[in-house]
Amino acid sequence: MAIRKVGVVGCGLMGGGIAQTCAAAGLETVVREVSEEFLRKGMKRIDAFLQGGVDKGKLTAARKAETLGRLKGTTQAGDLADCDLVIEAVIENIAEKCKLFAELDAICKPSTILASNTSSLSIIEMAAATKRPGLVCGLHFFNPVPLMRLVEVVRTISTSEATLAEAHAFAKAIGKTAITAKDTPGFVVNLLLVPYLLDAIRALESGLATREDIDAGMTLGCGHPMGPLALLDFVGLDTTYYIANIMFDEFKEAKYAPPPLLKRMVLAGHYGKKSGKGFYDYAAKATKA
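Computed from a predicted structure; not experimentally measured.

Caption draft 1: Quick peek at the sheet that holds strand E8 (residues 177-182). Read across the open sheet, the eight strands follow the order E3-E2-E1-E4-E5-E6-E7-E8; overall the sheet is mixed. Only two strands of the sheet have a single neighbouring strand rather than two, namely strand E3 (71-74) and E8. The mean inter-strand angle of the sheet, taken between neighbouring strand axes irrespective of direction, is 25 degrees. Judged from the six bridges that link them, strand E7 (residues 150-155) and E8 form a sheet pairing that is parallel. Among the inter-strand pairings, Val154 is bridged to a residue of E8, identified as Ala181. Contacting strand E2 (28-32) and E3, helix H2 (residues 36-55) crosses the sheet at an angle of about 160 degrees to E3.

Caption draft 2: Spatial organisation of the pattern of salt bridges. One pass over the full model with this rule turns up 14 salt bridges. The shortest N-O distance in the salt bridge between Lys72 and Asp79 comes to 3.8 Å. Of the residues examined, Asp79 reaches a relative accessible area of 25% and is grouped as partly exposed. Notably, a salt bridge pairs Glu161 with Arg155, separated by 2.5 Å at the nearest N-O pair. Among the ionic contacts, a cluster of salt bridges with common partners joins Lys5, Glu28 and Asp82.

Caption draft 3: Seen up close, the nonpolar core. Ranked by size, the top nonpolar core spans 29 residues in total, and within it Val6, Ile18, Leu85, Ile87, Leu139, Phe141 and Phe170 carry the most contacts. Secondary-structure elements contributing two or more residues to this core are strand E1 (5-9), helix H1 (13-24), H2, strand E4 (85-88), strand E5 (113-116), strand E6 (136-140), E7 and helix H6 (161-173). Broken down by element, the residue count for this core peaks at four residues, all from H1. Each residue touching Leu85, except ones within four places of it in the same chain, is listed here: Ile3, Lys5, Val6, Gly7, Thr112, Ile113, Ala115, Leu139 and Phe170.

Conventions used here
- Residues numbered from 1 in each chain as written.
- Predicted model: local features only at pLDDT ≥ 70, side-chain atom pairs only at ≥ 80, totals over all residues.
- Heavy atoms only, no water.
- Pairing = 2+ DSSP bridges.
- Helix = DSSP H or I, 4+ residues; strand = E, 2+ residues; numbered from the N terminus.
- Axes fitted to C-alpha atoms, helices over the stretch in contact; angles between N-to-C directions.
- Contact = heavy atoms within 4.5 Å.
- Salt bridge = Lys/Arg side-chain N within 4 Å of Asp/Glu carboxyl O.
- Buried < 20%, exposed > 50% of the residue type's maximum accessible area, 1.4 Å probe, protein only.
- Core = buried A, V, L, I, M, F, W, Y, C linked by side-chain atoms within 4.5 Å.

Treat this as a map of the structure, not an account of what it does.
Now the structure itself:
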């Protein structure tokens with residue numbers, strides 16, 4: 001089965017980016033949101049991203065129009081029924097995801113592959129909510145989806161060889177490089193990245209160096225495009241805290257335990273760029289600009 005029509009549940013930063021990428025690659029795409037308000041906001045974000053490409057000369061106006069022409073927004077779950085692949089990109093809450101997978105299982109045609117964009121939750125737990133566990137896998141994209149080239153294809157103990165092959169073919173068709181990971185918290189990227197980020201917080205917390213010197217050390221000394229503390233602000237301290245807790249609960253290893261400083265910052269609402277303040281103060285930068 002070649003994947004020709006894709007459904008995406010959720011039109012936030014990740015879901016909208018996935019939907020845009022699929023439509024830009026020539027696939028008929030349906031993106032569903034829970035309300036017209038959220039749908040309008042998501043579609044407006046997609047339009048603005050594409051227009052930015054036009055303004056920079058990286059995309060023609062005709063190509064933008066073609067992409068949007070292949071993208072349909074809806075609030076009706078039934079509009080996903082004939083999709084070959086449906087990717088969920090909703091809140092990182094296992095109960096909500098399981099409920100959604102059960103709903104999709106009842107709505108979609110028997111051959112539809114169901115995938116989750118989760119970065120940390122158990123795919124097999126979602127698959128268990130369906131009657132098609134062999135057709136369930138993880139497709140973990142990275143933000144911003146249209147620009148980041150990697151997709152982690154997550155295989156559960158029930159995912160079929162055919163589903164795995166289709167997931168890899170799909171990733172290639174939309175211009176991504178796919179790697180395969182087994183269904184454990186963090187998969188490949190976060191399994192390695194999260195301890196690194198947490199160690200950077202511990203280094204700051206212990207007074208080893210300033211935030212600027214920690215970030216400069218890794219950008220200039222290791223060639224990283226962004227220092228760990230700046231990256232934490234970009235990813236979201238609340239998101240990192242959430243993922244770290246899930247990984248610690250699974251593995252019970254100290255390297256995954258959130259440092260006290262991270263917990264305090266999250267409790268204070270210092271989530272990073274999205275809240276205006278994290279390890280760096282973005283509100284102050286915006287005021288100066």
